[in-house]
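Chain and residue survey
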Amino acid sequence: KNEVEQSPQNLTAQEGEFITINCSYSVGISALHWLQQHPGGGIVSLFMLSSGKKKHGRLIATINIQEKHSSLHITASHPRDSAVYICAVRSHGGSQGNLIFGKGTKLSVKP
Amino acid sequence: NAGVTQTPKFQVLKTGQSMTLQCAQDMNHNSMYWYRQDPGMGLRLIYYSASEGTTDKGEVPNGYNVSRLNKREFSLRLESAAPSQTSVYFCASRREQDRVNQPQHFGDGTRLSIL
């Protein structure tokens, strides 16, 4: 079993829809990251959180430490949100900031 | 600032050839990482360097060597390329700060094909 599981693997939405991507993990963590990888291949960090909720524009990330679960929400989705969204965790005692990555969720937003 | 710069962006090699992937960061970060990304799998750590002069193996180090030339540069070398090393390679860097989580910053990736 992977230490970081994401669902769904693939997601197609219509422009304007509210989107939720889920991430579950099985290890104790010091931080959880959400990353975005565009079709061109580059990876950017969207959020890093260890508790509660963070918001940036139309993106919201939440984490429940007790349930070992995080969600990434996109409100009023747009075709430019089409990308692969990757969840990654830094485990307790993990050396030098090393991350454990999920396999990613491929999001396609249709106009 | 350029952030994390990887070269080359694309490369095709024949089995048995050698090559070095270059990575440089201009953010004065201590830690640097090399990952590979394969279809259907998450990013996997090949090697990392916590500081200039130190390197450590990650999850999939076999077939690779690394050099932390200075604080800015961290190179990945394939001595004898194999088809199984066909992948997209990402370099990343991170600022180390005691008890404060910091994000990793990624380069744009190198697409490597071994024939």
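An account of the accompanying structure is given in this report.

What counts as what
- Residues numbered from 1 in each chain as written.
- Chains lettered and ligands numbered in written order.
- Predicted model: local features only at pLDDT ≥ 70, side-chain atom pairs only at ≥ 80, totals over all residues.
- Heavy atoms only, no water.
- Helix = DSSP H or I, 4+ residues; strand = E, 2+ residues; numbered from the N terminus.
- Rg over C-alpha atoms; globule rule 2.2 N^0.38 Å.
- Pairing = 2+ DSSP bridges.
- Axes fitted to C-alpha atoms, helices over the stretch in contact; angles between N-to-C directions.
- Buried < 20%, exposed > 50% of the residue type's maximum accessible area, 1.4 Å probe, protein only.
- Polar contact = N/O pair within 3.5 Å; in protein donor to acceptor, adjacent residues only side chain to side chain.
- Core = buried A, V, L, I, M, F, W, Y, C linked by side-chain atoms within 4.5 Å.
- 1 Å grid on protein atoms, 1.4 Å probe; cavity = no way out; pocket = protein on both sides within 12 Å on 5 of 7 lines; lining within 4 Å.
- Points joined across faces, edges and corners; volume = space filled by probe spheres on them.
- Nonpolar A, V, L, I, M, F, W, Y, C, P; charged D, E, K, R; others polar.
- Phe/Tyr/Trp six-rings, centres within 6.5 Å; stacked < 30°, edge-to-face > 60°.
- Contact = heavy atoms within 4.5 Å.

**Section: the overall build of chain B**
Helix and strand counts for chain B stand at zero helices and 11 strands. Its helices and strands in sequence order give chain B the pattern β-β-β-β-β-β-β-β-β-β-β, from N to C terminus. Taking 115 residues into account, the globule formula puts the C-alpha radius of gyration at 13 Å, and chain B, at 14 Å, falls close to it. In terms of overall dimensions, chain B has a C-alpha envelope of 45 × 30 × 25 Å along the principal axes.

**A closer look at the sheet that holds strand E3 (residues 19-25) of chain B**
Residues and elements named next belong to chain B. Read from one edge of the open sheet, four strands run E1-E3-E8-E7, paired in antiparallel fashion. Of all strands in the sheet, those bounded by a partner on one side alone are strand E1 (4-7) and strand E7 (64-68). This sheet shows a mean twist of 15° between the axes of neighbouring strands, independent of strand direction. Pairing of E3 with strand E8 (residues 74-78) involves three bridges; the strand directions are antiparallel. Its bridge partner being in E8, Thr20 is matched across the sheet by Arg77.

**What about the side chain of Thr110 of chain B?**
All names here are of chain B. With respect to the helices and strands, the residue Thr110 is situated in strand E11 (residues 110-114). Under the relative-accessibility criterion, Thr110 is labelled buried at 0%. Polar side-chain contacts of Thr110 include one of 2.6 Å to the backbone oxygen of Pro8.

**A closer look at the nonpolar core**
Among soluble globular proteins, nonpolar side chains are generally buried collectively. Core analysis: the largest hydrophobic core is formed by 23 residues, its most contacted members being Leu32 and Trp34 of chain A. Secondary structure elements with two or more residues in this core: strand E3 (19-25), strand E4 (29-37), strand E5 (43-49), strand E7 (59-64), strand E8 (69-74), strand E9 (83-91) and strand E11 (105-110) of chain A. Formed by 20 residues, the second largest nonpolar core is a distinct cluster that contains Tyr47, Leu76, Ala81 and Cys91 of chain B.

**A short note on the layout of surface pockets**
When its volume is computed, the largest pocket comes out at roughly 720 Å³. Taken together, 35 residues make up the lining of the largest pocket; nearest its centre are Gln37 and Val84 of chain A together with Gln37, Pro39 and Arg111 of chain B. Of all the secondary structure elements, the ones that give two or more residues to the lining of the largest pocket are E9 and E11 of chain A together with strand E9 (87-94) and E11 of chain B. When its residues are assigned to classes, the lining of the largest pocket shows 12 nonpolar, 17 polar and six charged.

**Thoughts on the packing of aromatic side chains**
Here the structure, examined in full by the defined rule, presents five aromatic pairs over all chains. With centroids separated by 5.1 Å and ring planes inclined at 85°, the aromatic side chains of Phe101 of chain A and Tyr35 of chain B adopt a geometry described as edge-to-face. Of this pair, Phe101 of chain A sits in strand E10 (residues 100-101) while Tyr35 of chain B sits in strand E4 (residues 31-37), on two different chains. In this structure Phe101 of chain A comes out as buried when scored by relative accessible area, which is 8%. In this structure Tyr35 of chain B comes out as buried when scored by relative accessible area, which is 1%. Site record: aromatic cluster; members linked through ring pairs are Phe101 of chain A together with Tyr33, Tyr35, Tyr48 and Phe106 of chain B.

**Regarding the sheet that holds strand E1 (residues 4-7) of chain A**
Residues and elements named next belong to chain A. Overall, antiparallel pairing links the five strands, which are arranged E1-E3-E8-E7-E6 in an open sheet. Edge strands, defined here as strands with exactly one partner in the open sheet, are E1 and strand E6 (52-56). Averaged over all adjacent pairs, the angle separating strand axes in this sheet is 15°, with direction ignored. Two elements, E1 and E3, share four bridges in a ladder whose sense is antiparallel. Directly across from Gln6, in E3, lies its bridge partner Cys23.

**Things to note about the environment of Asp38 of chain B**
Residue and element names in this part refer to chain B. Locating Asp38 in the fold gives a position in the loop between E4 and strand E5 (44-49). Taking relative accessible area as the criterion, Asp38 reaches 10% and is therefore assigned buried. Sequence separation of Asp38 and Ser87 is 49 residues, and the distance between their C-alpha atoms is 5.7 Å. Sequence-distant contacts of Asp38, that is, excluding residues within four places in its chain, are made with Arg44, Thr86 and Ser87. Here the side chain of Asp38 touches Arg36 through a polar contact of 2.9 Å, side chain to side chain.

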